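# Structural features, examined
The chain contents come next:
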Amino acid sequence: MVAPLNPTIPPAAFSSATGNGTEPAASDAGGGCGGCVARGPILVLMGSGILWLVAASLLSLIASVKLHAPDFLGACPWFTYGHVKPAAASAFIFGFASQAGLGLVLWLICRLGKVTLCGWFPALTGAALWNLGVTYGVSKVLVSGGSGQEWLEFPHGASGLMMLGYFLIAMPALITFRKRQVPGLSVAQWYLLAALFFFPWLWVAGNALLVCEPVRGVVQITTGAWFRAGLLNLWLTPLALAVIYALLPAALGRPVRDRGLAAFAFWTLVLFGAWTGLAQTAPVPSWLVSLSNACTVAFALPVLAVAVNLELMLKSEVACEDASPAVPFLAFGALAFILGNGLHIFGAVPYVAKFVALTHYSAGVGALLLGGFVMMSLLGGLTLALPDLFEMDWPKPQLIRPQFGALAMGVALTSLALVVAGLQQGRALRHAAPFLDAVKGGQLFLVLASLGALLTLAGVALFALHFGLLVCAVCRECCGSCCGATPASTTEGAA
Amino acid sequence: MLRLVLRCDARFNHGGCRVNKGPFIFLGAFASLALSWLGLVLGPQLQFGGEQPQKIEDLNVVYPAARNGLAQQGAEVYRALGCQHCHSQQVRQEGLEFGAKLTAPGETPAKLAAALVKLGLAQDVAGANAQLAKLPLTLGADVELSHAEFLVRTVKDADDKAKAEITFKNLGADLGRGWGVRMSTASDYLFDQPVLAGSARVGPDLANVGVRAPEKYSAPWKFTSTNTFAEFRAWQLRHLAEPRAVAPGSTMPAYRFLFDQRAEGKVPKHDAEALVAYLFSLRQDVPLPNAPLPRVASVKPAATNAPAATNTPAK
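Residues numbered from 1 in each chain as written. Chains lettered and ligands numbered in written order. Predicted model: local features only at pLDDT ≥ 70, side-chain atom pairs only at ≥ 80, totals over all residues. Heavy atoms only, no water.

## Remarks on the interface of chain A and chain B
Where the parts come together, the accessible area they lose is often given as the size of the interface. Residue-level contacts link 115 residues of chain A with 88 residues of chain B. Between chain A and chain B, a total of about 8,500 Å² is buried, with carbon and sulfur atoms accounting for 65% of that surface. For chain A, the biggest contributors to the area lost against chain B are Arg-216, Leu-358 and Phe-435 of chain A; these three give 9% of the whole. Joining chain A to chain B, the criterion identifies three salt bridges. Ionic pairing is found between Glu-94 of chain B and Arg-430 of chain A, a salt bridge with its closest N-O pair at 2.9 Å. (Contact = heavy atoms within 4.5 Å. Buried area = accessible area lost by both parts, 1.4 Å probe. Salt bridge = Lys/Arg side-chain N within 4 Å of Asp/Glu carboxyl O.)

This is the structure in structure tokens:
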């Protein structure tokens, strides 16, 4: 194993927690050529996920700027607000979050089960199909607009390719899972299994009922709400929670304390997750809105349970500088999960909803949940997974701190600015203020939100750059060992 | 380092539990997803899936009516340009305010006058008679429904030929802005495909923009002739091409690419014309059983082509 190059991570912090430090590490996922190949699909998923994240961050920066500088890129129909906004969301959710999430799922399944990925070839094909689908979908949205259903903007062809790709990835994942060498199920594995199970249902039902053979009238509104809440709470959230539950305890050297509580969190999340999406204001019968509302409030149960669960862990004595560089990402993700859902529940209180519904508030909550929770947790996972898969540490560990700093500040600034903009807008719109005055009153916050988006893009670009350096270092080492040249230039330290 | 991380993770995570709960998780997850699907997809589908346009007896119209061809193409343009990311199409209402009104006296004005005195609407019978001389007379405004019923009953008891009725006013910030005259209901979206109710109000709500009074726009303007559709079209085209020329400080994108630049100036392309036709078709002003309108608001059938009924706020 590569010695940690980051001087701030003494291996002792971890080895003291492991009973058996002599077990040959290469046996679990790595060794042999089969292992090498098996890593291919995982790396492709993660790598293209990172590239999509750069694209998505760039698109959301453009969309964000357009809200206060509407003539920015104004002449180009591809980049009109109604195209960039859905393109950014789709690129983020399907290009980055789903893809990096799938990569991490495969990695975790191998790692937690101590097995090698079975069926690397279908998985690799699947990754290629998924990327093809997302590329087609996002380009279509940019060039000629989306389907008009939020988060389901892709044309049938793209969704179909993605579905096929998904099965080609999920099947090997499940087969590998069944072959695992470690009996029992960890908390992380519950979430990961559930996520793998939920996605195809949501994706097929969502596309079938809203894009291919659309239901009529307001049924579209309730179905859309079901799909979006499901995609967020039953797909992206379990993916990110799986990463947090798998890695945070280990990185901190503390176990998940209360499995009973964790199970409670899991089942309540699964039970209420898909119900939370119907907006207060939706023009649908009030029984539906009330039901959705009650479930939104009940969604506080899993959030609180996860919070207590993690709080027990985060109250660790491991001082910050001893911890793995991924800990801040994971901790930020966990915090954003709690805060973001807290704000969502707050916004669903009928009195508050009168103000915040249909304002920037929900965009702010979305930024906190998608950017703060999902993105940060997954990036934390990638920070640990990539060096492991490449068997080489990050070439410039000192870059990880600034990455985190830029991302954390960017996400926090964007979400806070949008939430405040939403409150301001809601107040102005409820009172008799002329509409344009309300628009002008929000400008400052929207500028701040763009600043946050810029910082986020900087952090993401840095992450991608670092990833590029890692790939270069690996290639150099590979060439070095193949051609017999001395890998003098590699940063690898001898283990 | 990483291997150690993972190894210790395995140790931590597997404390105790050795039972394979995999199938259990799949079953539970399936059941809960199915439950939410039943509630949010199948339930509404059973309630609304078979909904048909309804006949509104008062106005002798069938509502909603399908859009004409050009407006339907405009709906596609609206979707493709993503206007719904900034404009909602759903009007909220926060309840009703009730009142009662006396519109015609009956056969025994003396008893009626006495009743008015009893209700405290006049000092004495002479005052009451003066009031009765100039009908309609407001018996109460901004009261509970039960009180409005009481007022009407009192008058009817005094003189059962007198004509008294309960009045109401739709309330809400959206209505106050002139964005609509009643709340949006399920029926309003029957022919929309896709339903573009929207989730953000970066710009004003457009559910009723086809019948919006010019002074209720965020950049108010005025009709200068009686050809209101021509003026509507001209305003919309100017606004689409150059929103900030019409509404200073607007953050709406300029849709210049919907116009051809010719010698004689900007000429709208077909898409722009279709979009305007669609905007003109946006109106939710037909009273429905579950979203009534005060009778005072003069509503013309939605099928006519002139925006005769503009959305003045329900005052």
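## Points about the sheet that holds strand β4 (residues 137-143) of chain B
All names here are of chain B. Across the sheet, which stays open at both edges, the three strands sit in the order β4-β3-β5 with antiparallel pairing between neighbours. The sheet terminates laterally at β4 and β5 (163-170), the two strands that pair on one side only. Across the sheet, the axes of successive neighbouring strands diverge by a mean angle of 20°, strand direction being ignored. Judged from the eight bridges that link them, strand β3 (residues 96-104) and β5 form a sheet pairing that is antiparallel. Bridge pairing links Gly-99 to Thr-167 in β5. Packing against the sheet, helix α6 (residues 145-158) makes contact with β3, β4 and β5, and its axis sits at approximately 165° to β5. (Pairing = 2+ DSSP bridges. Helix = DSSP H or I, 4+ residues; strand = E, 2+ residues; numbered from the N terminus. Axes fitted to C-alpha atoms, helices over the stretch in contact; angles between N-to-C directions.)

## Examining the domain arrangement of chain B
Assigned domains within chain B: domain 1 (68-92 + 175-281) and domain 2 (95-171). Domain 1 of chain B and domain 2 of chain B are separated by 43 Å when their C-alpha centres are compared. (Domains from an automatic or database assignment.)

## Comments concerning unusual backbone geometry
Here the bond from Tyr-63 of chain B into Pro-64 of chain B is cis, since omega is -5°, no more than 30 degrees from zero. Despite not being glycine, Lys-114 of chain A shows a phi value in the positive range, around 55°. Of note, Lys-114 of chain A is situated in the loop between α3 (81-113) and α4 (120-144). One non-glycine residue, Trp-151 of chain A, lies in the positive phi region at around 70°. In this fold, Trp-151 of chain A is placed in the loop between α4 and α5 (156-178).

## Quick look at the nonpolar core
Membership of the largest hydrophobic core comes to 177 residues, with the highest contact counts inside it found for Phe-96, Trp-107, Tyr-191, Leu-382 and Leu-386 of chain A. The element contributing the most residues to this core is helix α7 (residues 219-252) of chain A, with 22 residues. One finds Tyr-78, Leu-240, Leu-258 and Tyr-278 of chain B within the second-largest nonpolar core, a separate group that totals 28 residues. (Core = buried A, V, L, I, M, F, W, Y, C linked by side-chain atoms within 4.5 Å. Buried < 20%, exposed > 50% of the residue type's maximum accessible area, 1.4 Å probe, protein only.)

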